[in-house]
Amino acid sequence: MATAISIKNVHKIYSKGENTTHALKDFSLEINSGEFFALLGPNGGGKSTLINIIAGPTKKNSGTIKICGLDIDTHREETKFMIGVVPQEVNFDSFFNVNEVLTFCSGYYGIKNNQNYIDEILEKLNLEDKKFANTRALSGGMKRRLLIAKALVHKPKVLILDEPTAGVDVELRHNLWVYMRELNKAGLTVLLTTHYLEEAESLCRRTAIINKGTVVALDDTKKLIKSLGNYKEMTLNFKDKIGKIPEHLEQFKAKKISDYDLVLTFEPKELNKVLTALKDLNPSDIELQSQSLEDVFLKLTYRS
């Protein structure tokens, strides 16, 4: 399978006076062409540094990065055209309208007569009615969508989404991901960073978790979720105070989280056994949850 992004032994060190920060430490990662890939990590973990190195503004100290087989150092112009980046920060001129921003951006990549594709992007991102609106008049969510349109205007082979749904409402987030799935299905490689871990869990087949500049986990997303053990949690709510936890629930690691709530932890095959144990307890409410990507993320990146 062809590789869209190949990162090998990358180091990045920031120095200020006597202080040094090792933002990336011998960082290596490969993303296949056509993947929808999640890169997760806490603030300060190294995600933004890596994206800035790939996109160009930040220079690495050592290591190699290739986009579709081309080294970003020796083929800077070619790789620039292969990448579309949606940054966290708004970076378009507020004196132009939406259509002008995308037209000028097309020209930056040497693309003429791009109006039909611009109109298609605006429709997919629900911005068609803002085509001639000044960018200063856009809401925060609309500005985020315009950043995505800018990243797509030259039809890149690799799209990097850095927190793309921050400030976007639920309905628009859903529509955005429908569009991203369409583009990915058509062959676009997508690298996603997000703090909405349910998005990564739903969209991405593989996930890497980065912490303190290194990859601490990399696997198929479903396998990664199971890596801490395939278990379920059941929260029980009672109308009356619980008092002492019944002894027969101790086998399910029962613990009180309030005077009225108990949590049980067990393997999926034990579900019928749990329900039998609850027969005479009559909880007023039961909530069943499986382990999520968030559980894995918190365990691997938690800082005391």
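Our structure is the block above this text.
## Looking at the sheet that holds strand S5 (residues 70-71)
Then, in step 1: Read across the open sheet, the 4 strands follow the order S2-S1-S4-S5; overall the sheet is antiparallel. Pairing within the sheet leaves two strands with one partner each, and these edge strands are strand S2 (19-32) and S5.
Then, in step 2: Pairing between strand S1 (residues 3-16) and S2: 10 bridges, direction antiparallel. Counterpart to Thr3 in the pairing with S2 is Asn32.
Then, in step 3: Along the sheet, helix H1 (residues 47-55) contacts S1, S2 and strand S4 (62-67); its crossing angle with S1, the most-contacted strand, is approximately 115°.

## Looking at the side chain of Asp261
Then, in step 1: Here Asp261 is to be found in strand S13 (residues 261-266).
Then, in step 2: For the buried Asp261, no salt bridge exists, and the shortest N-O distance to an oppositely charged side chain is 11 Å, to Lys256.
Then, in step 3: At 2.9 Å, the side chain of Asp261 and the side chain of Asn237 are in polar contact.
Then, in step 4: In terms of polar contacts, Asp261 uses its side chain to reach the side chain of Ser258, at 2.6 Å.
Then, in step 5: Not counting residues within four places of it along the chain, the set of residues in contact with Asp261 comprises Leu236, Asn237, Ile242, Lys255 and Lys256.

## Here we look at unusual backbone geometry
Then, in step 1: At Asp26, a residue that is not glycine, the phi angle is positive and equals roughly 50°.
Then, in step 2: Residue position: Asp26 is located in strand S2.
Then, in step 3: The phi dihedral of Asn113 is positive, around 50°, even though this residue is not glycine.
Then, in step 4: Examined against the element boundaries, Asn113 turns out to sit in the loop between helix H3 (98-108) and helix H4 (115-124).
Then, in step 5: For Asn113, a relative accessible area of 81% translates into the label exposed.

## Notes on a negative patch on the surface
Then, in step 1: On the surface, a cluster of negative charge is contributed by Glu120, Glu123, Glu128 and Asp129.
Then, in step 2: Relative to the helices and strands, Asp129 is located in the loop between H4 and helix H5 (140-152).
Then, in step 3: In this structure Asp129 comes out as exposed when scored by relative accessible area, which is 62%.

## Description of the packing of H3 against H4
Two measures define how a pair of helices packs: the angle their axes make with one another and the distance between the axes.
Then, in step 1: Close contact between H3 and H4 brings their axes to 10 Å; oriented N to C, the two are set at 130°. Viewed along their axes, H3 and H4 adopt a mutual orientation that is oblique. Handedness of the H3/H4 crossing: right-handed. Residues Val98, Asn99, Leu102, Thr103 and Ser106 of H3 lie in contact with H4, whose contacting residues are Gln115, Ile118, Asp119 and Leu122.
Then, in step 2: Residues belonging to the contact of H3 with H4 are distributed by class as follows: 4 nonpolar, 4 polar and 1 charged.

## Some remarks on the pattern of salt bridges
Then, in step 1: Overall, the coordinates contain 9 salt bridges when judged by the stated rule.
Then, in step 2: Put simply, Glu35 and Arg206 hold a salt bridge, and the shortest N to O gap is 2.8 Å. Linking Glu35 in the loop between S2 and strand S3 (36-40) with Arg206 in strand S9 (residues 206-211), this pair joins segments that are 171 residues apart in sequence. Each member of the pair Glu35 and Arg206 is classed as buried.
Then, in step 3: We note a salt bridge from Asp220 to Arg205, for which the minimum N-O separation is 3.9 Å.

## Focus on the pairing of S13
Then, in step 1: Counting buried positions over the 6 residues of S13 gives 6, a clear majority of the element.
Then, in step 2: Of the two faces of S13, both are covered, the one formed by Asp261, Val263 and Thr265 as well as the one formed by Leu262, Leu264 and Phe266.
Then, in step 3: As judged from the 6 bridges shared by strand S11 (residues 232-237) and S13, these two strands associate in the antiparallel manner. Opposite Leu236, over in S13, you have Leu262 as the bridge partner.
Then, in step 4: As paired elements, strand S12 (residues 255-258) and S13 share 3 bridges and run antiparallel to each other. The residue bridging Lys255 from the neighbouring strand is Val263, located in S13.
Then, in step 5: In sequence, S12 turns back onto S13 through a hairpin of 2 residues.

Cut-offs used in this document
Residues numbered from 1 in each chain as written. Predicted model: local features only at pLDDT ≥ 70, side-chain atom pairs only at ≥ 80, totals over all residues. Heavy atoms only, no water. Pairing = 2+ DSSP bridges. Helix = DSSP H or I, 4+ residues; strand = E, 2+ residues; numbered from the N terminus. Contact = heavy atoms within 4.5 Å. Axes fitted to C-alpha atoms, helices over the stretch in contact; angles between N-to-C directions. Buried < 20%, exposed > 50% of the residue type's maximum accessible area, 1.4 Å probe, protein only. Lys, Arg positive; Asp, Glu negative; His and termini not counted. Salt bridge = Lys/Arg side-chain N within 4 Å of Asp/Glu carboxyl O. Polar contact = N/O pair within 3.5 Å; in protein donor to acceptor, adjacent residues only side chain to side chain. Patch = residues over 30% accessible without salt bridge, like charges linked within 9 Å, V, L, I, M, F, W, Y side chains within 5 Å. Areas by Shrake-Rupley, 256 points an atom, 1.4 Å probe, with all protein chains shown as cover. Charge placed at Lys NZ, Arg CZ, Asp CG, Glu CD. Parallel < 35°, antiparallel > 145°, perpendicular 65-115°, else oblique. Left-handed = near helix turned anticlockwise from the far one by under 90°. Nonpolar A, V, L, I, M, F, W, Y, C, P; charged D, E, K, R; others polar.

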